[in-house]
Amino acid sequence: RLLFLLRDSQLYRGYFGGIHRLWLSGEQETASIIWKSGICCVAQPGVRGHGQIRPEGRPFKVRDSTCVAICYRKLRSMGDPVQLKDEGNKHFQAGDIDKAIECYTNAIKVCKDKKVLAVIHRNRSACYLKKENYTNAASDASKAIDVDASDIKALYRRCQALEKLGKLDMAFKDVQRCATLEPKNKTFLETLRRLGAEIQAKLKTTFSTDSRVQNMFEILLDEEMEKDKREKAANNLIVLSREDAGAERIFQNNGVPLLLNMIETGKPEMILAAIRTLSGMCTGHKARVSQDTGKENEIALATCNLFQCINDSLTGGDTREYGKEASLVLDASKDLKTILLSLLEMVSSSKVSGHGRDQALNLLNKNVPRKDKKEKNNSRTLFTIDHGLKKILKVCGQVPELPDQLPLTENTQLIASVLLNKLYDDLTCDPERNNFRDICDEYIKSKIDPNNMDKTIHAINTISGLLQGPFDVGNALVGRQGIMEMMVALCGSEREVDQMVAVEALIHASSKMSRASFIITNGVSLLKDIYKKTKNEKIKIRSLVGLCKLGSAGGDDYSLRQFAEGSTEKLAKQCRKWLCNPQIDTKTRKWAIEGLAYLTNDADVKDDFVEDELAMKAMFELAKSKDKTILYAVACILINCTNCYDKKEIIPELVQLAKFSKQHVPEQHPKDKKDFIEKRVKRLLKGGVTSALAVMVKADSSILTDQTKEMLARVFLALSEDPKDRGTIVAQGGGKALIPLALEGTDVGKVKASHALAKIAAISNPEIAFPGERVYEVVRPLVNLLHTDREGMQNFEALRGLTNLAGYSEKLRVKIVKEKALPEIENYMFEEHDQIRQAATECMCNLVTCKEVQDRYLEDGNDKLKLLVLLCGEDDESLQIAAAGALAMITASQKKLCTKLTRVTTQWLEILQRLCLHVNPRIQHRGLVIVYNMLNSDDSELAKKLIESEMLEILTVIGKAEDNPKRQDPIDTARTCLVKAMDLGLIKPFSNA
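Bear in mind the structure is a predicted one, so any value in this text is a computation, not a measurement.

## Structural notes on the side chain of Arg370
Structurally, the position occupied by Arg370 is in the loop between helix 21 (354-367) and helix 22 (379-396). Since its relative accessible area comes to 9%, Arg370 is described here as buried. Within the local environment of Arg370, its side chain forms a polar contact with the side chain of Asp426, the two groups lying 2.8 Å apart. In contact with Arg370, not counting residues within four places along its chain, are Glu375, Lys376, Asn377, Asn378, Asp426 and Thr428.

Spelled out as structure tokens, the structure:
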């Protein structure tokens with residue numbers, strides 16, 4: 001590098017020679033620094049550039065080689081860090097801060113002594129403070145402190161820098177350290193006091209809710225602010241809005257207009273944060289609600305939540321008390337009508353997104369129909385029908401393949417059909433139902449136009465929507481003159497969209513047996529022609545589903561097959577082929593599942609389906625997709641495969657009578673017997689059915705109707721029949737998925753889900769099966785199964801589940817008591833059925849450690865303790881173990897019960913002696929523990945009575961027995977009893993061995 005830079009030969013010789021002489025004279029370090037530095041020369045006095053060190057090899061052309069000596073002197077001074085430090089100090093004192101920094105920087109480069117280096121860093125830190133470069137000042141001071149932690153100058157300089165950077169807490173720690181090292185230094189003490197006051201003021205400002213709210217809005221509305229900070233502010237605002245105090249401060253600090261400003265920005269993340277904050281503010285607060293009136297799906301969900309909170313607050317769905325503020329709102333009906341009209345407007349508006357329309361329909365589904373049919377007021381339903389029925393029908397009639405249609409998701413039209421069904425079911429009298437039918441009839445008539453095919457297929461699609469909702473209304477419309485003929489005619493249309501709509505309408509119209517028979521007569525050949533001739537896969541699969549539905553019109557009755565032998569298997573095979581084809585779009589593959597839902601009434605099809613692992617997994621994957629219209633069809637297939645639908649009991653005498661009178665008698669398929677069903681269940685579990693069910697249960701949509709929930713609960717119950725399979729169900733999330741099914745849905749569905757929960761809870765570790773707080777949600781469904789109107793098996797499984805939970809933790813025991821399960825459990829302890837009585841006693845055994853249960857046994861005027869004592873005298877060993885265990889634990893906890901035990905029955909001593917003499921070591925051990933508790937009860941008369949009886953002889957015989965691992969617990973307890981008797985002075989040993 002030097003050879004390249006130094007072009008002057010004379011200078012080159014002088015430079016090299018000088019380095020050589022330095023090396024020989026013992027100045028190896030200086031010579032090395034000069035060599036490595038790449039600095040070339042300094043001109044002599046009188047020559048241009050005197051005194052300037054030229055870096056990067058830019059030499060002056062000098063004639064006099066004596067300048068090399070000057071170069072050496074300058075370079076030697078550069079290589080000495082102490083000299084550079086001293087030179088920097090002079091510049092600092094003279095006020096030339098830049099040159100001082102330059103000298104200190106050069107000194108740092110060459111210094112190897114850590115202590116000197118620390119001093120240089122400390123000095124440069126002072127320079128940076130002067131230049132107001134506080135970051136570098138703090139960094140240099142820290143480097144000095146790293147070498148010497150008690151460097152008081154470095155500590156104070158870092159304190160000054162940190163204070164300027166706004167890091168008051170860190171600055172405070174540094175000056176605190178300085179004051180510790182020099183307690184009398186007034187500067188340190190004054191700084192310490194000042195920083196302490198500033199920190200307190202800052203904390204007060206920071207934690208002031210008003211200030212926090214204002215800061216968050218400033219950050220959110222500042223477009224130049226970093227994205228991370230804005231997201232953090234949005235999250236903080238949402239959290240704050242969920243606290244009563246925080247929500248009130250947002251409201252009082254002009255929060256609503258600012259939130260509306262955030263919505264008007266049009267940015268998804270801002271809209272989402274604003275809506276979620278409004279939801280938090282409006283939850284349960286009528287006064288606030290009355291005052292304020294990609295990410296698309298999240299925004300729709302958040303808006304839906306906001307509307308729900310507003311509705312709950314105005315209707316009283318949220319029961320929290322807010323005192324005087326709530327009483328200021330006199331009438332909420334006007335606001336409720338405004339909200340309802342807004343939602344109905346959203347349903348048919350072309351400006352609303354598909355996700356927004358879904359959420360509007362979901363809100364109507366949830367809030368318009370009565371939740372309890374015992375309520376007489378159905379005014380919201382009547383208002384919705386009068387002002388919005390035609391708008392809902394408009395959604396049902398949309399054909400996405402045509403131009404100028406409303407934005408829809410794959411779920412929208414089915415949600416609309418569900419809403420129509422709920423509205424119709426909520427009507428209370430014939431005039432109301434007739435009004436509903438008339439509006440539908442009028443709408444269909446207005447759309448049928450022979451000259452406008454688009455309007456006509458809109459009408460047919462609307463009828464399809466009604467057939468999926470209030471079927472009676474749709475069926476009546478199909479029966480009108482000309483409608484069925486129009487559907488058949490459209491099947492032969494040249495336009496593919498006409499064929500597709502007509503075939504779907506035929507499929508939905510054939511739900512009733514009578515209607516299916518008519519279509520079998522008139523439409524099967526038509527569907528077959530469409531299936532064979534069309535090249536459009538979408539139409540082909542729909543026509544196939546139509547054939548599937550017609551072929552399964554006889555249900556699971558083996559004798560009522562509509563098609564020839566083997567035809568249904570061929571149809572099912574084609575459906576499975578389409579289902580497994582990933583190149584076909586999801587909506588089309590969904591129809592393959594629809595076809596299988598009908599065909600799996602046939603046991604041959606069920607067996608073929610569960611054997612086809614690819615088809616099973618493809619269905620489960622689709623069940624986990626966003627398209628929720630598939631839920632019902634999947635549930636139907638699983639119901640059919642597990643045969644968990646209700647069946648009427650076949651009475652042989654009635655069968656003979658029916659045959660004699662030449663009536664039809666249903667026949668069971670040979671493959672619908674128990675062993676075939678068990679094999680299918682095993683195959684489904686192996687294919688991952690539980691994880692699919694867990695995802696289906698979580699669907700936050702009106703499509704997941706109470707009827708669908710009931711079907712899923714039935715499937716879960718069928719899957720959990722074998723105890724060996726319950727571990728698999730728990731591992732795949734089945735335990736958690738069952739909880740919402742047990743709490744919401746139809747009465748039958750809740751019972752079925754609770755029964756499945758009981759089966760899992762009885763043999764699983766609660767911590768694994770129901771992690772976290774979920775375990776407490778399991779208690780209520782199990783307690784509900786204890787009602788006397790439930791089946792004996794349900795009572796038994798519930799008791800076993802509660803027994804397992806009661807043995808898990810004290811909190812769970814308290815929860816079981818709070819759910820008022822004790823009277824039911826005590827009632828079952830009187831049950832004649834041995835297994836139920838045993839299960840109830842075992843449950844009580846695990847509950848007696850709970851203080852509330854012990855208090856019930858201490859109360860006078862009941863036979864609870866007497867029952868336990870008498871159960872100890874039963875012949876059933878399992879029952880004796882449970883009863884004696886309960887008695888042993890409760891007498892250990894409550895000494896008063898030891899005395900009470902002797903008064904409840906005259907047979908107590910006989911029963912106790914029988915326990916202590918029992919051949920089963922577990923029963924014997926429990927009996928001996930009860931004896932010890934009585935000796936230890938502080939009742940001297942009771943202890944004396946025991947020892948004066950034959951109990952002393954029993955204890956002596958057991959205590960003198962040789963040690964035996966199988967009976968060691970009773971032996972040790974007997975010896976403990978004898979020792980206690982000696983301590984009480986009731987017996988004395990023969991010798992002091």
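## Section: the pattern of salt bridges
Inspection of the entire model under this criterion finds 41 salt bridges. With its nearest N and O atoms 3.2 Å apart, the salt bridge here joins Arg780 to Glu819. Of this pair, Arg780 sits in helix 45 (residues 779-784) while Glu819 is found in the loop between helix 47 (810-818) and helix 48 (822-828), placing the two residues 39 residues apart along the sequence. For Arg780, a relative accessible area of 45% puts it in the partly exposed group. Three or more residues joined by partner-sharing salt bridges are found here, namely Lys606, Asp607, Asp672 and Arg680.

## Quick notes on the packing of helix 54 (residues 908-916) against helix 56 (residues 940-948)
Across the interface, helix 54 lies against helix 56 with an axial gap of 12 Å and an inter-helix angle of 60°. Classified by the interaxial angle, the pair formed by helix 54 and helix 56 is oblique. Seen from above, helix 54 lies across helix 56 with right-handed handedness. Two secondary-structure elements touch here, helix 54 through Trp908, Leu909 and Leu912 and helix 56 through Leu942, Lys945 and Leu946. Its residues placed into classes, the contact of helix 54 with helix 56 shows five nonpolar, no polar and one charged.

## What about the confidence of the model for the protein?
When the pLDDT values of the protein are averaged, the result is 80; 78% of them are 70 or greater. Across residues 284-299 the pLDDT falls below 50, and counting only partners more than four positions away or on other chains, this stretch makes 45 contacts in the model.

## Notes on a positive patch on the surface
Residues Lys366, Lys371, Lys373, Arg380 and Lys422 make up a contiguous surface patch of positive charge. Inspection of the secondary structure puts Lys366 in helix 21.

What counts as what
Residues numbered from 1 in each chain as written. Predicted model: local features only at pLDDT ≥ 70, side-chain atom pairs only at ≥ 80, totals over all residues. Heavy atoms only, no water. Helix = DSSP H or I, 4+ residues; strand = E, 2+ residues; numbered from the N terminus. Buried < 20%, exposed > 50% of the residue type's maximum accessible area, 1.4 Å probe, protein only. Polar contact = N/O pair within 3.5 Å; in protein donor to acceptor, adjacent residues only side chain to side chain. Contact = heavy atoms within 4.5 Å. Salt bridge = Lys/Arg side-chain N within 4 Å of Asp/Glu carboxyl O. Axes fitted to C-alpha atoms, helices over the stretch in contact; angles between N-to-C directions. Parallel < 35°, antiparallel > 145°, perpendicular 65-115°, else oblique. Left-handed = near helix turned anticlockwise from the far one by under 90°. Nonpolar A, V, L, I, M, F, W, Y, C, P; charged D, E, K, R; others polar. pLDDT = per-residue confidence, 0-100. Patch = residues over 30% accessible without salt bridge, like charges linked within 9 Å, V, L, I, M, F, W, Y side chains within 5 Å. Areas by Shrake-Rupley, 256 points an atom, 1.4 Å probe, with all protein chains shown as cover. Lys, Arg positive; Asp, Glu negative; His and termini not counted. Charge placed at Lys NZ, Arg CZ, Asp CG, Glu CD.

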